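A look at the structure
Spelled out from the first residue to the last, the chains are:
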Amino acid sequence: MTIKRHIKNIKLAAAGKQKIEWAERSMPVLRLIRERFKKEKPLRGVNLACCLHVTTETANLMRTLKAGGANVALCASNPLSTQDETASALVKEYGISVFAIHGEDNKTYYRHIHQTLDNKPHITMDDGADLVSTVHKDRAKLIDGILAGTEETTTGVIRLKAMAADGALRFPVIAVNDSKTKHFFDNRYGTGQSTLDGVIRATNMLIAGSTTVIAGYGWCGRGLATRAKGMGANVIVTEVDPVKAIEAVMDGFMVMPMAKAAPMGDLFITVTGDINVVRLEHAKKMKNGAVICNSGHFDAEIELPAMRKAATKRRMVRPNVQEFTFGKKHVCVLAEGRLINLSAAEGHPAMVMDMSFANQALAAEYVMKNHKKLKKQVYGVPEKIDAMIASIKLKSMDIAIDRLTPEQKKYLSSWEMGT
Ligand code: ADE
């Protein structure tokens, strides 16, 4: 197979390899799967098109899929998340086709998606459903050859479930995000840490004593609120879902509408998956110097077009920090409203991506074994696989847990026994 590429600089490969190997140290579950894949070749001859953040953790997933016998092509799932040295090492050291350059414009981003789809995939692997939507909109001839797709993130799963409900989805998709070993850990602890990492790398601001406003109290918002509180922030949560709002209250956070939070916050972070959550009307009410960023998948959560139009002045004041002036007041937007954890930092740590990407690798194997049974729907990863990933992860951490005794098993499966 010829290796194709459109990357920044092939000379970055040695630096990239070192970083990929560093991440691998914290990915024991994926390593174990790779060793088995090398022997069993469950993906022999399978063409994979992958649209994921091009990070060191993703590189270890690509190595695993290739070890299983797959022909892999990779593009970025966000124009700002590509690590150029990782892309270079994937091509030169690991023989994988990559189309991704940090900071690529929108046109190049979509050209890279098309080049990745030129691999004529049997399986698509998405983070945000851009491959699936491009196939359905512009590359429908590929559909007959696609056995199934996999999807990494909440936003992508929401899009795909909407397609399935409309009867528009033309091949099955496995929602990796819905695995417990994915969203309980990646979304919560991964986003919690990597988002604050991105904010701090971009601004060097002090979180302690700040008022941090978090929009959205899903798994990402929960993790983020907990970590911000742990660093000494006064946390305000905004929500539209009354149940999630009560949860935030009982977790000890202030809850209020964005309009009320706007003049109170020093730092605003959106993790809702929805559009225009922080709007111009809010930005105008904010304190001088307030910082706004997004850690949701798409750059739609901050009403940037309206803010750009209304600003009397805009200028870059540090890398990833753009200052907007409204009259006498300034607010700063980080990373053009793109996900801050991957734009200004390195995304989630390898320790947590280990489980997410174990789910991806095993979902691809599952597709090859079960595609004939799958309908044009969105499926979860089978619970058995989820539980197995948790068990291997615990073992890798040298943590043992109890087992049910025969008496306990019987008790749990009987309904006659009361007090
Ligand atoms: N999504 C969040 N963090 C990530 C990482 N480190 N690699 C790939 N995708 C991610």
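Below is a summary of the structure that appears in this document.

Each value, and the rule that gives it
- Residues numbered from 1 in each chain as written.
- Predicted model: local features only at pLDDT ≥ 70, side-chain atom pairs only at ≥ 80, totals over all residues.
- Heavy atoms only, no water.
- Helix = DSSP H or I, 4+ residues; strand = E, 2+ residues; numbered from the N terminus.
- Rg over C-alpha atoms; globule rule 2.2 N^0.38 Å.
- Buried < 20%, exposed > 50% of the residue type's maximum accessible area, 1.4 Å probe, protein only.
- Contact = heavy atoms within 4.5 Å.
- Areas by Shrake-Rupley, 256 points an atom, 1.4 Å probe, with all protein chains shown as cover.
- Lys, Arg positive; Asp, Glu negative; His and termini not counted.
- Charge placed at Lys NZ, Arg CZ, Asp CG, Glu CD.
- Pairing = 2+ DSSP bridges.
- Axes fitted to C-alpha atoms, helices over the stretch in contact; angles between N-to-C directions.

1. Digging into the overall build of the protein
Of the regular secondary structure elements, the protein holds 17 helices and 16 strands. The C-alpha atoms of the protein give 22 Å as radius of gyration, which agrees with the globular expectation for 419 residues (22 Å, within 12%). Taken along the three principal axes of its C-alpha coordinates, the protein extends 70 × 65 × 45 Å. Classification of the 419 residues of the protein by burial places 54% in the buried group. Relative to all contacts within the protein whose residues are 6 or more apart in sequence, the contacts with residues 24 or more apart total 72%. By element, 53% of the accessible surface of the protein is carried by carbon and sulfur atoms, the whole surface being about 19,500 Å². Taking the average location of the 59 positive side-chain charges in the protein and that of its 43 negative ones, the two points are 4 Å from each other.

2. A look at the sheet that holds strand S13 (residues 313–318)
Pairing between sheet strands relies on hydrogen bonds along the backbone, with the strands arranged either parallel or antiparallel. Pairing within the open sheet is mixed, and its eight strands lie in the order S10-S9-S8-S11-S12-S15-S14-S13. Each end of this open sheet is capped by a strand with a single partner; those strands are strand S10 (254–255) and S13. Pairing geometry for strand S8 (residues 211–215) and strand S9 (residues 234–238), over five bridges, is parallel. Opposite alanine 215, over in S9, you have threonine 238 as the bridge partner. Contacting strand S11 (267–270), strand S12 (290–294), S13, strand S14 (321–326) and strand S15 (329–334), helix H8 (residues 180–203) runs over the sheet at an angle of about 135° to S11. Set on the sheet, helix H9 (residues 219–230) makes contact with S8, S9 and S11; between it and S8 the angle comes to about 175°.

3. Brief notes about the sheet that holds strand S16 (residues 378–380)
Spatially, S1-S4-S3-S2-S5-S6-S7-S16 is the arrangement adopted by the eight strands of the open sheet, whose pairing is parallel. Bordering the open sheet on either side are strand S1 (5–6) and S16, each of which pairs with just one other strand. As paired strands, strand S2 (residues 47–51) and strand S3 (residues 71–75) are joined by five bridges and run parallel to one another. The residue bridging cysteine 51 from the neighbouring strand is cysteine 75, located in S3.

It is worth stressing that arrangement in space is one thing and function is another; only the former is reported here.
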